Amino acid sequence: MKTVELFLLFLLLNGCAKETPGIHPGLTTITEAVYGTATVVPNEAYTVFSSVNGIIERSHLVEGALIEENDELFRISTDRAQLARKKATQNLARARESYRGDAAILKEMEDRLQSAAMSLTQDSLNYRRQGRLWRQNIGSKQAFEMTELKYKTTRSQIDELHRAYARTQRELADQFDLAGTDLEISGQQYAEYVTHAKMGGTVYEVLVREGESVTTQTPVARIGSTDDFILELLIDEVDIPKVLIGQNVVVILDAYRDEPYKAVITRILPHKDDRSQTFTVEASFTKSPKQLYDGLSGEANVIISRRENTLILPTEFIGPDNQVFTADGAQSVVTGISDLRYTEIISGLDTNALVYQPE
């Protein structure tokens, strides 16, 4: 019973296949490609940020303007920077006066050292004189010991004054150097209120204008190369393993629909965009329109492989499990690469076979 049912099913399928006109497999060139969306972008580009928070006081940014490297782009209001620099200048003047001026702390300590040195001279003379008298049994031992104690005390005080002087001198020198460093830093910070171009090129986009406030995280403008453009392709994660550096790309831009252009893969970024589930691939034009613009979009096909003079069949003529329907019934074929319309037949058919489209 089962054998009869299977035979009837085969006749039914075979009969349905023959209701549509049959075709013969043909020999031609077939190309396998990976599809991606394409966007034209400058080869070199960067987003301009301010180094400080504040309000843009003056801006030279104009969309489409050509700029040179180190050109001034904009400057932030410098009121706060000027106050900081004034304060640093005043601190340096005070530190210099304390370290080198006539009213310096060190001058006062030098006077104390000089006075102590005079006292030590007198105490030394009294100590030696009282010592000679004591050795001659003149005077009292108590008087000798008192002069000895006074001499040693004064000498100890001078030693302490010398140490304090050296310590204070180091501290004042450090404060003077630190004030100078603070002034230098304030000068550098003052320079940060003016932003210059990191590269020459074209201003493609201005995001913040004069009078508007910015932070160090606010994009102000986008600058890129003027005549050097590349393609950014978004490739689905399923297809990215097939894409390799050096592969050729056929591009059709929406602005130039009548002519395809050529490029070659130069870079594959390894990070996937979780929102679009795609990888970014860069390609350089080998044939491009005379005029390109930042942001032009289109479609791209990355050429994975190409077969010359190979047997092909419309893909819709191939059923599940690579089954095709011929005048002799269903049979299996071995398939190769595919494009959007055709599939390569490696074995199982020849050009003499008449193949029907399955329903």
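Note that the structure is a prediction, hence the values are computed from the model and not measured.

### Comments concerning the overall build of the protein
Tallying secondary structure elements over the protein gives 4 helices and 19 strands in all. Among the 359 residues that make up the protein, the fraction classed as buried is 33%. Considering only contacts in the protein between residues 6 or more positions apart, those separated by 24 or more positions represent 75%. Counting every atom, the protein has about 22,200 Å² of accessible surface; 51% of that belongs to carbon and sulfur.

### Focus on the pattern of salt bridges
Inspection of every chain in the model, using the stated rule, returns 12 salt bridges. A salt bridge links glutamate 160 to arginine 163, with the nearest nitrogen and oxygen atoms 2.9 Å apart. With a gap of 3 residues between them, glutamate 160 and arginine 163 both fall in helix α4 (residues 141–191), about one helical turn apart. Among the salt bridges present, the one from arginine 306 reaches glutamate 308, with a minimum N-O distance of 3.1 Å. Within the structure, one salt-bridge network assembled from shared partners comprises Arg58, Glu72 and Arg75.

### Focus on the pairing of strand β11 (residues 248–253)
Only one face of β11 is buried: it carries Val249, Val251 and Leu253, and the other face, with Asn248, Val250 and Ile252, is open. As paired strands, β11 and strand β12 (residues 261–273) are joined by 4 bridges and run antiparallel to one another. By the bridge assignment, valine 251 is partnered in β12 with tyrosine 261. Pairing geometry for β11 and strand β14 (residues 297–314), over 5 bridges, is antiparallel. Looking across to β14, one finds that valine 251 is bridged to alanine 300.

### Description of the sheet that holds strand β19 (residues 355–356)
Read from one edge to the other, the open sheet built from 3 strands follows the order β16-β15-β19, with strand pairing classed as antiparallel. Whereas interior strands pair on both sides, the edge strands pair on one side only; in this sheet they are β16 (329–332) and β19. Relative to β16, strand β15 (residues 323–326) runs antiparallel, the two being bridged by 4 bridges. Of the residues in β16, the one forming a bridge with glutamine 323 is serine 332.

### Observations regarding the nonpolar core
If you look at the biggest cluster of nonpolar residues, it comprises 23 residues, and the most contacted ones within it are Leu231, Leu233 and Val249. Of all elements in the fold, only β1 (26–42), β10 (229–236), β11, β12, β13 (278–287) and β14 reach the threshold of two or more residues within this core. Apart from residues lying up to four places away in sequence, leucine 233 is in contact with Thr37, Ala38, Val249, Ile265, Phe279, Thr280, Val281, Ala283, Ala300 and Val302. By size, the runner-up hydrophobic cluster in this structure holds 19 residues, among which are Val52, Ile67, Ile76 and Val208.

### Details of the confidence of the model for the protein
Within the protein, residue pLDDT values average 83, and 87% of them lie at 70 or more. Looking across the protein, the model is least confident in helix α1 (residues 2–19), with a mean pLDDT of 38, and most confident in β10, with 96. This model gives residues 1–18 a pLDDT under 50, and the stretch forms 11 contacts once residues within four places in sequence are excluded.

### Points about the sheet that holds strand β4 (residues 66–67)
The strand order β2-β9-β7-β4 describes an open sheet built from 4 strands, whose pairing is antiparallel. Among the strands making up the open sheet, the edge pair consists of β2 (45–49) and β4. With 4 bridges joining them, strand β7 (residues 201–206) and strand β9 (residues 219–224) adopt antiparallel strand pairing. From the neighbouring strand, valine 203 faces β9, where its bridge partner is isoleucine 223.

Quick notes on the rules
- Residues numbered from 1 in each chain as written.
- Predicted model: local features only at pLDDT ≥ 70, side-chain atom pairs only at ≥ 80, totals over all residues.
- Heavy atoms only, no water.
- Helix = DSSP H or I, 4+ residues; strand = E, 2+ residues; numbered from the N terminus.
- Buried < 20%, exposed > 50% of the residue type's maximum accessible area, 1.4 Å probe, protein only.
- Contact = heavy atoms within 4.5 Å.
- Areas by Shrake-Rupley, 256 points an atom, 1.4 Å probe, with all protein chains shown as cover.
- Salt bridge = Lys/Arg side-chain N within 4 Å of Asp/Glu carboxyl O.
- Pairing = 2+ DSSP bridges.
- Core = buried A, V, L, I, M, F, W, Y, C linked by side-chain atoms within 4.5 Å.
- pLDDT = per-residue confidence, 0-100.

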